[in-house]
Amino acid sequence: MDVFVSALENYPIQSGFILIGLGIIGLLFQIDLKESPKMKDHNIFSWRVFLNKWFLIIMSIIWGLTLIFKNI
């Protein structure tokens, strides 16, 4: 964990691009799955996993953009 934090502090722009890349890769995989967003097709646990995957994708892209724009 310490290596990750030091990489974010020492190389913020490169870390931002990596986070955006991971978010885009996750987005491509999520779109390729073609999971139904309808609640009736899922139970409560699979619905939470579905939402958490989208949350992580969006947060990694936003965090990457924040790191890039903050340090330009």
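Residues numbered from 1 in each chain as written. Predicted model: local features only at pLDDT ≥ 70, side-chain atom pairs only at ≥ 80, totals over all residues. Heavy atoms only, no water.

Peer 1: Hey, could you run me through the environment of Leu-28 in this one?
Peer 2: Along the chain, Leu-28 falls in helix α2 (residues 12-33). Look at Leu-28 and you get exposed, because its relative accessible area is 56%. As for Leu-28 and Ile-57, which are separated by 29 residues in sequence, their C-alpha atoms are 10.0 Å apart. (Helix = DSSP H or I, 4+ residues; strand = E, 2+ residues; numbered from the N terminus. Buried < 20%, exposed > 50% of the residue type's maximum accessible area, 1.4 Å probe, protein only.)

Peer 1: Honestly, the packing of aromatic side chains in this entry has me stumped. Any pointers?
Peer 2: By convention here, two paired aromatic rings are described through the distance between centres and the angle between planes. Here the structure, examined in full by the defined rule, presents one aromatic pair. For the pair Trp-47 and Phe-50, a centre-to-centre distance of 5.4 Å together with 25° between the ring planes defines the contact as stacked. Of this pair, Trp-47 and Phe-50 both sit in helix α3 (residues 44-70), three residues apart, roughly one helical turn. When sorted by exposure, Trp-47 lands in the same class as Phe-50, which is buried. (Phe/Tyr/Trp six-rings, centres within 6.5 Å; stacked < 30°, edge-to-face > 60°.)

Peer 1: Before we go on, may I ask you to explain the side chain of Gln-30 in this structure?
Peer 2: By secondary structure assignment, the location of Gln-30 is in helix α2. Among all residues touching Gln-30, those that are not within four sequence positions of it are Glu-35, Phe-50, Lys-53, Trp-54 and Ile-57. (Contact = heavy atoms within 4.5 Å.)

Peer 1: How do you make sense of the packing of α2 against α3 when you look at a structure like this?
Peer 2: Between two packed helices, what matters for the description is the angle formed by their axes and the separation of those axes. Two elements in contact, α2 and α3, have axes separated by 7 Å at closest approach and are oriented at 155°. Comparing their axes, α3 and α2 come out roughly antiparallel. The element α2 and its partner α3 pack so that their crossing is left-handed. Residue classes in the contact of α2 with α3 are distributed as 18 nonpolar, seven polar and one charged. (Axes fitted to C-alpha atoms, helices over the stretch in contact; angles between N-to-C directions. Parallel < 35°, antiparallel > 145°, perpendicular 65-115°, else oblique. Left-handed = near helix turned anticlockwise from the far one by under 90°. Nonpolar A, V, L, I, M, F, W, Y, C, P; charged D, E, K, R; others polar.)

Peer 1: Honestly, α3 in this entry has me stumped. Any pointers?
Peer 2: The α-helix advances 3.6 residues per turn, and as a result positions three or four apart in sequence lie on the same side. Between its terminal C-alpha atoms α3 stretches 38 Å, which fits the 39 Å expected from 27 residues at 1.5 Å a residue. Listed as buried for α3 are Trp-47, Phe-50, Ile-57, Ser-60, Gly-64, Leu-67 and Ile-68. Residues of α3 that are buried sit in contact with α1 (2-10) and α2. The backbone nitrogen of Phe-45 has a side-chain oxygen 3.3 Å away, supplied by the residue at the start of α3, namely Asn-43. (Expected span 1.5 Å × (residues − 1). Polar contact = N/O pair within 3.5 Å; in protein donor to acceptor, adjacent residues only side chain to side chain.)

Peer 1: Hey, could you run me through the environment of Ile-57 in this one?
Peer 2: Among the secondary structure elements, Ile-57 is positioned in helix α3. A relative accessible area of 8% means that Ile-57 is categorised as buried. As a C-alpha pair, Ile-57 and Leu-33 span 24 residues in sequence and 14 Å in three-dimensional space. If we ignore the near neighbours within four places in the chain, the residues touching Ile-57 are Gly-23, Gly-26, Leu-27 and Gln-30.

Taken by themselves, the reported measurements are silent on function.
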